[in-house]
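# Topology and contacts: notes
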Amino acid sequence: NEFTYYRNLAFFGMATYSYKGRYTINGTIRYEGTNKLGKSRQARWLPTWNVSGAWNAHEERWWQPTFGSNWTNASLKLSYSLTADRGPASVTNSLAVFEAYSPWRPLASVTETGIALAALENSELTYEKKHEFNIGAAFGFVSNRVNFEIDYYKRNNYDLIGYVQTAGVGGEIDKLANDASMESSGVEFTISTVNVDIKNFRWTSDLIFSHTKNRITRLNSFSQVTSLVNGYGRLVDYPIGALFSIPFAGLTEEGLPTFYSNKERTEIYGPDNYSEINFQEYDKVDYLKYEGSIDPTVFGSFNNTFTIINDLKVGIFLTYSFGNVLRLNPLCNVYASEYSDLTASMKEMKNRWMVPGDENRTDIPVIASKRQFETIPGLNYAYSAYNYSDKRVAKGDFIRLKEIFVEYNFPKKWFEGQKVVSSFSAKISGTNLALLYADKKLNGQDPEYYNSGGVSSPIPRQFTLTVRLGL
């Protein structure tokens, strides 16, 4: 168990001014400090602020004479802010951290308590900061039958906290510091429409679309090959969660995998030098192939609701996501240099290399023979590299039928004169009914649930019956 104590103190003030509902200006300022960060006054105390404004154009005198009922409303909003975060919960080294431990002794009966330096003091460790600019607009047309809203943001994150590799002075190689900066931007728009509205039928739709991107602009630490091919490494000019792969160079005449070992794709790792494959390498990573981000860049939903005679309501809800990539089963050792009787093989193994010439029709390596396993040094590295190669990557794009529901409100006249029941309605809904689109390379795995470099099992379908009684 860990016992930690934080002291936080903050002062804030805010002001708002509005003129006839047309123009609104807001301002907020906050000054806070915490003993969680460095002892330096500039590190421990930080002022943050936000300024925003809105213009409701439909409140202008000239709006109605100019646009009439075609444009119901129109608003524009702007904001700019500096906000901050105290960083991850594990950051506690405003002072040096010492921990008690039991030193090793040759006899179990001889014990004593020691004190070890767990983390060096970092007096300059300060807040993670973010400048953010937002601009948005909202419009309503045709008596609010069409409503459209769009927002754009741009963020500049700096002084982000992470581990920095040092020379080890003071006894600590990995040290927490404000070591990174990142910029990001995104746009989101929402459109709501009343498509049909007649006496006994109403059809409404809601579409949400979001597009985001980010890029690391400064980084003082380094990432190893193993972290880059798993998607949690960091490199400058790439997004958070960038996924890299070892470039596959084909199979040998014996069905063994080979890989390009340089950026120019002129040299390979093969049976003669498998032992040179180094997943712990950090200064030779430029030969890796960039696949994309593990986080979606485009996502949203599409909802349709149909109302019939005010009593029957039917809804169809779709979700979608695009722009990310997934690693196929990296944690399951699907392809290995040796197997046991306890190994469950995937059906793709039927398409593996089996006889000379198969290297021209398949990219799946051979099940290594005992001779190959015992005579080829580093063969286990080769099969690990294949699991993390560009042949084991799929797109994470999907379109899902998220929910369908049918709801019926029984006519109130059925319950007139009843002393017990005054109303009755029933609703049946099904969620996660179908994956309408996904990459075929996933072979039925669910792209929406990405866990530690792999893909989890598809979530189950669920059906719900809801009954409401008014008493």
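Attention in this report is confined to the structure presented alongside it. (Residues numbered from 1 in each chain as written. Predicted model: local features only at pLDDT ≥ 70, side-chain atom pairs only at ≥ 80, totals over all residues. Heavy atoms only, no water.)

### Looking at the overall build of the chain
Under the convention used in this document: For the purposes of this entry, the term helix denotes a DSSP run of H or I that reaches at least four residues, the term strand denotes a run of E that reaches at least two, and both are numbered from the N terminus. The atom set for the radius of gyration is the C-alpha atoms, and the globule formula is 2.2 Å times the number of residues raised to the power 0.38. Whether a residue is buried, partly exposed or exposed follows from its accessible area with a 1.4 Å probe, protein chains only, as a fraction of its type maximum: under 20%, in between, or over 50%, in that order.
Per the secondary structure count, the chain includes five helices and 24 strands. A compact globule built from 471 residues should have a C-alpha radius of gyration of about 23 Å, whereas the chain, at 30 Å, is more than 25% larger. If you line up the chain on its principal axes, its C-alpha atoms span 85 × 65 × 55 Å. The proportion of buried residues among the 471 residues of the chain is 37%.

### Here we look at the sheet that holds strand β14 (residues 268–269)
Counted only if it meets this: The rule for pairing is simple: two strands pair if DSSP sees at least two bridges between them. Contacts between residues were defined by any pair of non-hydrogen atoms, one from each residue, lying within 4.5 Å. Between N-to-C directions, angles cover 0 to 180 degrees, with each direction set by a line fitted to C-alpha atoms, over the stretch in contact for helices.
A sheet is described by the order of its strands in space; here three strands give the open sequence β12-β13-β14, paired in antiparallel fashion. A single partner strand is all that each edge strand has here, and the edge strands are β12 (248–251) and β14. As judged from the three bridges shared by β12 and strand β13 (residues 257–260), these two strands associate in the antiparallel manner. Bridge assignment links F248 to a residue of β13, and that residue is F259. Relative to the sheet, helix α5 (residues 379–387) contacts β12 and β13, its axis offset from that of β13 by approximately 70°.

### Digging into the packing of aromatic side chains
Condition: Centre distance within 6.5 Å is the pairing criterion for rings of Phe, Tyr and Trp, where only the six-membered ring of Trp is used; planes under 30 degrees apart are then read as stacked, over 60 as edge-to-face, and the remainder as tilted. A positively charged side chain is recorded as over a ring if its NZ (Lys) or CZ (Arg) lies within 6 Å of the ring centre. The angle to the ring normal must also be within 35 degrees.
Applying the stated rule across the entire model yields 26 aromatic pairs. Where W62 meets W63, the ring centres are 6.0 Å apart and the plane angle is 50°; that geometry is what we call tilted. A relative accessible area of 41% places W62 in the partly exposed class. Cation over ring: R400 sits above F398, and NZ or CZ is 5.6 Å from the ring centre.

### As for α5
Residues of α5 that are buried: L379, A382, Y383, A385, Y386 and N387. Where α5 is buried, its residues contact β12, β13, β18 (325–327) and α4 (370–375).

### Details of the pattern of salt bridges
Threshold: In the sections that follow, a salt bridge refers to a side-chain nitrogen of Lys or Arg positioned within 4 Å of a carboxyl oxygen of Asp or Glu.
Taken as a whole, this structure holds 20 salt bridges when the rule is applied. Between D363 and K391 there is a salt bridge, and its shortest N-O distance comes to 3.3 Å. Highlighted residues: D363 in the loop between β18 and α4 and K391 in the loop between α5 and β19 (393–395), separated in sequence by 28 residues. Residue D363 is classed as partly exposed on the basis of its relative accessible area of 33%. Between K370 and E374 there is a salt bridge, with its nearest N and O atoms 2.9 Å apart.

### Topic: the nonpolar core
For the record, the criterion: In this text, buried Ala, Val, Leu, Ile, Met, Phe, Trp, Tyr and Cys residues form a nonpolar core when linked through side-chain atoms within 4.5 Å.
The biggest cluster of nonpolar side chains holds 31 residues, and the ones touching the most others in it are I246, F259 and L288. Those elements giving two or more residues to this core turn out to be α3 (225–228), β11 (242–245), β12 and α5. Looking at this core element by element, the count peaks at five residues for α5. Beyond its immediate stretch of four places on either side in the chain, I246 contacts V229, F259, F279, Y287, L288, A385, Y388, S389 and D390. L46, V91, L125 and L176 belong to the second largest nonpolar core, which has seven residues in total.

### Things to note about the side chain of S321
Assignment of secondary structure puts S321 in strand β17 (residues 312–322). Judged by relative accessible area, which is 5%, S321 ranks as buried. Those residues in contact with S321 that sit more than four places away from it in its chain are P296, V298, F299, G396, D397 and F398.

### Comments concerning the environment of Y163
Mapped onto the elements, Y163 comes out in strand β8 (residues 146–165). On the basis of relative accessibility, which here comes to 47%, the residue Y163 falls in the partly exposed class. In this structure the C-alpha to C-alpha distance between Y163 and S221, which are 58 residues apart in sequence, comes to 6.9 Å. Discounting residues that sit within four places of it in the chain, Y163 has contacts with D174, K175, L176, D179 and S221.

### Focus on unusual backbone geometry
Positive phi, close to 75°, is recorded for D237, a residue that is not glycine. Assignment of secondary structure puts D237 in the loop between α3 and β11. Even without glycine at this site, R265 takes up a positive phi of about 60°. Here R265 is to be found in the loop between β13 and β14.

### Things to note about the environment of G270
Inspection of the secondary structure puts G270 in the loop between β14 and β15 (289–293). In the structure, G270 is positioned 112 residues away from A382 in sequence and 8.0 Å away in space, judged by C-alpha atoms.

### Details of the side chain of T24
For clarity, the cut-off: Here a polar contact is taken to be a pair of N or O atoms separated by no more than 3.5 Å, where protein atoms must pair a possible hydrogen donor with a possible acceptor and residues adjacent in sequence count only if both atoms sit in side chains.
Its location among the elements puts T24 in strand β2 (residues 23–34). Within the local environment of T24, its side chain forms a polar contact with the side chain of S18, the two groups lying 3.5 Å apart. Aside from chain neighbours lying at most four places away, what touches T24 is T16, Y17, S18, S52, G53 and A54.

### Topic: the environment of S75
Counting through the fold element by element, S75 comes out in strand β4 (residues 71–85). S75 gets classed as partly exposed once you look at its relative accessible area, which sits at 23%. For the pair S75 and A57, spaced 18 residues apart in sequence, the C-alpha to C-alpha distance is 5.7 Å. In this view, S75 contacts W55, N56, H58, G136, A137 and A138; residues no more than four positions away in its chain are not counted. Of the polar contacts made by the side chain of S75, one reaches the side chain of N56; its length is 2.9 Å.

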